Amino acid sequence: MKSTEENAYMRFALELAREAAIAGDVPVGAVVVREGEVLARAGNRTVRDQDPTAHAELLAIRQAAAALGTWRLDACTLYVSLEPCAMCAGAIVLARIRKVVFGAWDEKAGMAGSVGDLLRHPKLNHRPEVVGGALAEESGTLLREFFGARRAR
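Computed from a prediction, not measured in an experiment: that's the story for all the values here. (Residues numbered from 1 in each chain as written. Predicted model: local features only at pLDDT ≥ 70, side-chain atom pairs only at ≥ 80, totals over all residues. Heavy atoms only, no water.)

Secondary structure summary: the protein chain contains 5 helices and 5 strands in total. Mapped in sequence order, the helices and strands of the protein chain form the string α-β-β-α-α-β-α-β-β-α. In terms of overall size, the protein chain behaves like a compact globule, its C-alpha atoms giving a radius of gyration of 14 Å where 153 residues would be expected to give roughly 15 Å. Counting only C-alpha atoms and orienting by the principal axes, one finds that the protein chain spans roughly 45 × 35 × 30 Å. Out of the 153 residues belonging to the protein chain, those deemed buried represent 47%. (Helix = DSSP H or I, 4+ residues; strand = E, 2+ residues; numbered from the N terminus. Rg over C-alpha atoms; globule rule 2.2 N^0.38 Å. Buried < 20%, exposed > 50% of the residue type's maximum accessible area, 1.4 Å probe, protein only.)

Let us look at the pattern of salt bridges. All chains considered together, the criterion is met by 9 salt bridges. Among the salt bridges present, the one from R11 reaches E138, with a minimum N-O distance of 2.6 Å. One end of the pair, R11, is in helix α1 (residues 4-22); the other, E138, is in helix α5 (residues 136-152), with 127 residues separating them in the sequence. On the basis of relative accessible area, R11 is assigned to the partly exposed category, the value being 39%. Judged by its relative accessible area of 27%, E138 is partly exposed. Through salt bridges that share partners, R11, E15, R18 and E138 make up one connected network. (Salt bridge = Lys/Arg side-chain N within 4 Å of Asp/Glu carboxyl O.)

Two elements in contact, helix α3 (residues 56-68) and helix α4 (residues 86-94), have axes whose closest approach is 9 Å; the angle formed by their N-to-C orientations is 20°. Between α3 and α4, the angle is such that the two are roughly parallel. Relative to α4, α3 is oriented so that their crossing is left-handed. Residues E57, L58 and I61 of α3 touch α4, and the partners they reach there are M87, C88, A91 and I92. (Axes fitted to C-alpha atoms, helices over the stretch in contact; angles between N-to-C directions. Parallel < 35°, antiparallel > 145°, perpendicular 65-115°, else oblique. Left-handed = near helix turned anticlockwise from the far one by under 90°. Contact = heavy atoms within 4.5 Å.)

Within the secondary structure layout, E37 lies in strand β2 (residues 37-43). For the pair E37 and V100, spaced 63 residues apart in sequence, the C-alpha to C-alpha distance is 16 Å. Sequence-distant contacts of E37, that is, excluding residues within four places in its chain, are made with Y9 and V32.

Strand β4 (residues 99-104) sits mainly inside the fold: 6 of its 6 residues count as buried. Inspection of the sheet shows strand β3 (residues 76-82) paired to β4 by 5 bridges, in the parallel sense. Counterpart to L78 in the pairing with β4 is V100. Regarding topology, α4 serves as the crossover connection from β3 to the parallel β4, and that connection is right-handed. (Pairing = 2+ DSSP bridges. Right-handed = clockwise from strand over helix to strand, strands pointing away.)

Here is the structure:
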């Protein structure tokens, strides 16, 4: 991470991920920031809302667009505790998010380098800056503990 400020945003995303886990959702948290201001924040809500599109990234992107009154989030950075999936990567590209900082790599569904790289696909009209592995150990531990407890039940 470049700065203490960026580290704080990732820690905030991790806190939202922990809250999602407590509520029974996969522990992923996302924060959208513009010029040092948190515009939006969300944790996964797929289980609570029974909505397969209620990923933390999508919820935070929707909130940020509403807060700014525009779908173009080109001055924003998205901090998320897990590498975005294809659905979320598509939304990130369409929203023109400037930069994505994520924690744990997702070897099963990640689209920022693990399974594929939709975020930086050369044929797309927008490619955000991508920083992977920010607080990866903490993010990965949270996910492993969540799924370990789920398997133990």
